[in-house]
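Close look at the chain arrangement
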Amino acid sequence: MGLMNETHDPALRSWVASAHAAGTDFPLQNLPFASFRRQGSNEAFRGGVAIGDQILDLALAARTGVFTGEAALALQAGAEERLNALMALGPKAWSALRLALSRALREGAAEQTRLADCLVPQAVAEYGVPARIGDYTDFYTSVHHATNIGRQFRPDNPLLPNYKWIPIGYHGRASSIGVSGQAFHRPRGQTLAAGATQPSLEPCQRLDIELELGIFVGTGNPLGEPVPVTEAEDHVFGLCLLNDWSARDIQAWEYQPLGPFLSKNFATTLSPWIVTLEALAPYRVPFERPADDPQPLPYLDSEANRRQGSLDIQLQVALQTPKMRDAGQAGATICRTSYRHAYWTVAQMVAHHTVNGCNLQPGDLFGSGTLSGPTLDQAGALIELTTGGKNPLSLPNGERRTWLEDGDSVVIRGWCEKAGAARIGFGECVGTVLPARS
Ligand code: MN
């Protein structure tokens, strides 16, 4: 894993013209996967691959018999309603399919005549959650987020002593995970108002976002058999954008001693497209630890992880209020950061999650945890951006926000770019807050 090959060549050109549009997230070097169908239709969902502003319909493509061998098997698996079967096949099959797709979508490819009829415009598509997610685990891998949050509760000792040794995580809930476009009602929950002597059931007053990446497990591991850190990435299919909506007032009252519960499980929003680890290969960067921090225990350490275990993925959060929407204004950017600042890598999350023998299954989802960078403008949650609600954000149109209000939409974007490599992107992860049910 992590190797560069012909599919990453920035000079590649596709016969799909929109793959060359300036700023596109989906050039030929990306080839991310989603589950989709035509909007408002009764069609079955099936796998698709983004190319420019189009989707290559994997079910239609499989019927053309365009590929042979391992790529044909992977294409058939990708034609199913969700991507679990493709995810289960493992990195050799994913790579064979990527290479076959890359060659078939290139200018001059003999496959053009057959595949041209298998394209569906993204503009007429709707997306499903890309996999049947059996289990969802949310990590806490940003030391900057953990420190910012800890400081609000323990100014003198913000970071708990286990943080630099363990990739902290908890088991979340899969049933309420939705895909971009998700709208959800402001949750109600038990909260303890400041100065109150007893809690009451109220609509959440401190509704927040968490800027995260989602990590989809590919091949699983048998119960009882840990995945060594050196093999961990072979079990990862790819990454997407994730908003882990959080009700801070509910969380503050309920979280001790077992952690968040109803403050997190009312909605989680994913971007539809999963960018494979192979597509991200040009954007690997060294995993760096300050020299005076504890170095990872041997089961969380490998030469490959040190050399290229982190990923430089640019991330941005925009907030669009109803007033902005009515005025035809795009959302205001409230955060920009990079995944490279995470304290623990994807490989370390997999190795740690399985070290006790816990079995992962194809389609399982990890959240990275809120991905705050080292400075406040790189913070991935309102609780940090407003310092616990004390400093409201001033938006460009004169509005202010401390927490999310009804009608607010949050748009997460992610992309990778650098000289000498093709820019690739994740598309959007959009979610909207509806009023609490009465
Ligand atoms: Mn989270």
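Residues numbered from 1 in each chain as written. Predicted model: local features only at pLDDT ≥ 70, side-chain atom pairs only at ≥ 80, totals over all residues. Heavy atoms only, no water.

This part takes up the side chain of Gln29. Counting through the fold element by element, Gln29 comes out in the segment before strand 1 (33–38). Looking at Gln29, the relative accessible area reads 5%, which means it is buried. A polar contact of 3.4 Å, which involves the side chain of Gln29, links it to the backbone oxygen of Pro10. Apart from the residues lying within four places of it in its own chain, the contact partners of Gln29 are Thr7, His8, Asp9, Pro10, Ala11, Leu12, Arg98, Ala279, Ala422 and Ile424. (Helix = DSSP H or I, 4+ residues; strand = E, 2+ residues; numbered from the N terminus. Buried < 20%, exposed > 50% of the residue type's maximum accessible area, 1.4 Å probe, protein only. Polar contact = N/O pair within 3.5 Å; in protein donor to acceptor, adjacent residues only side chain to side chain. Contact = heavy atoms within 4.5 Å.)

The N-to-C vectors of helix 2 (residues 69–78) and helix 4 (residues 91–104) enclose an angle of 100°; their axes lie 8 Å apart at closest approach. When the axis of helix 2 is compared with that of helix 4, the two are roughly perpendicular. Counted together, Glu70, Ala71, Ala74 and Leu75 of helix 2 and Lys92, Ala93, Ala96, Leu97 and Ala100 of helix 4 form the full contact between these two elements. The residue makeup of the contact of helix 2 with helix 4, split by class, is seven nonpolar, no polar and two charged. (Axes fitted to C-alpha atoms, helices over the stretch in contact; angles between N-to-C directions. Parallel < 35°, antiparallel > 145°, perpendicular 65-115°, else oblique. Nonpolar A, V, L, I, M, F, W, Y, C, P; charged D, E, K, R; others polar.)

Turning to the domain arrangement of the chain, a few remarks are in order. We note that the domain assignment places domain 1 (6–128) and domain 2 (136–434) within the chain. Spacing between the C-alpha centres of domain 1 and domain 2 amounts to 28 Å. Contacts between domain 1 and domain 2 engage 31 residues on the former and 28 residues on the latter. The largest share of the area that domain 1 buries against domain 2 comes from His8, Met87 and Trp94, three residues that together contribute 25% of it. Linking domain 1 with domain 2 are one salt bridge. (Domains from an automatic or database assignment. Buried area = accessible area lost by both parts, 1.4 Å probe. Salt bridge = Lys/Arg side-chain N within 4 Å of Asp/Glu carboxyl O.)

We now examine the coordination of the manganese ion. Protein-derived coordination of the manganese ion comes from Asp138 (OD), Glu210 (OE), Glu212 (OE) and Asp244 (OD), at a distance range of 2.1 to 2.2 Å. Each donor residue of the manganese ion belongs to the same chain, with the gaps between them written as D-x71-E-x1-E-x31-D. Of this pair, Asp138 sits in strand 6 (residues 136–139) while Asp244 is found in the loop between strand 14 (236–243) and strand 15 (246–247), placing the two residues 106 residues apart along the sequence. A residue is classified by how much of its surface remains accessible, and Asp138, at 2% relative accessible area, is buried. (Donors = N, O, S within 2.8 Å, 3.2 Å for Na, K, Ca; no water.)

Glancing now at empty space enclosed by the protein. One pass over the full model with this rule turns up two cavities of 30 Å³ or more. Roughly 50 Å³ of internal volume is contained in the largest cavity. Every residue along the wall of the largest cavity is listed here: Gly309, Ser310, Leu311, Tyr339, Ala342, Trp344, Thr345 and Val346. Of the residues belonging to the lining of the largest cavity, the class tally is five nonpolar, three polar and no charged. Considered as a void within the structure, the second largest cavity measures approximately 30 Å³ in volume. Lining of the second largest cavity is provided by His8, Gln29, Ala279, Pro282, Tyr283, Ala422 and Ile424. Along the lines of polarity and charge, the residues of the lining of the second largest cavity split into five nonpolar, two polar and no charged. (1 Å grid on protein atoms, 1.4 Å probe; cavity = no way out; pocket = protein on both sides within 12 Å on 5 of 7 lines; lining within 4 Å. Points joined across faces, edges and corners; volume = space filled by probe spheres on them.)

Time to look at the sheet that holds strand 26 (residues 424–434). The sheet built from five strands is open, its strands ordered 9-26-25-20-21 with mixed pairing. Where the open sheet ends on each side, the last strands, each with one partner, are strand 9 (182–185) and strand 21 (332–338). Taking each pair of neighbouring strands and ignoring which way they run, the sheet shows an average axis angle of 20°. As judged from the seven bridges shared by strand 25 (residues 409–416) and strand 26, these two strands associate in the antiparallel manner. Directly across from Ser409, in strand 26, lies its bridge partner Thr432. (Pairing = 2+ DSSP bridges.)

Moving on, we get to the side chain of Thr321. Looking at the element boundaries, Thr321 is found in the loop between strand 20 (314–320) and helix 9 (322–326). For Thr321, a relative accessible area of 0% corresponds to the buried category. If we skip the residues at most four places from it in the chain, Thr321 touches Leu395, Asn397, Glu399, Arg401 and Asp408.

Once that is clear, we can look at the nonpolar core. Leu239, Leu280, Ile313 and Tyr339 are the most contacted members of the largest nonpolar core, which has 69 residues in total. The greatest single-element share of this core, amounting to five residues, is contributed by helix 10 (residues 346–354). Among the nonpolar cores identified, the runner-up in size contains 49 residues, and Phe67, Leu86, Leu101 and Ala131 belong to it. (Core = buried A, V, L, I, M, F, W, Y, C linked by side-chain atoms within 4.5 Å.)

Okay, the layout of surface pockets next. Of the pockets and cavities examined, the largest pocket occupies roughly 1,200 Å³. Taken together, 45 residues line the largest pocket, and the ones lying closest to its centre are Tyr140, Ile149, Phe153, Gln251 and Tyr255. Per element, the largest residue contribution to the lining of the largest pocket is six residues, and it comes from helix 6 (residues 143–153). Along the lines of polarity and charge, the residues of the lining of the largest pocket split into 22 nonpolar, 13 polar and ten charged.

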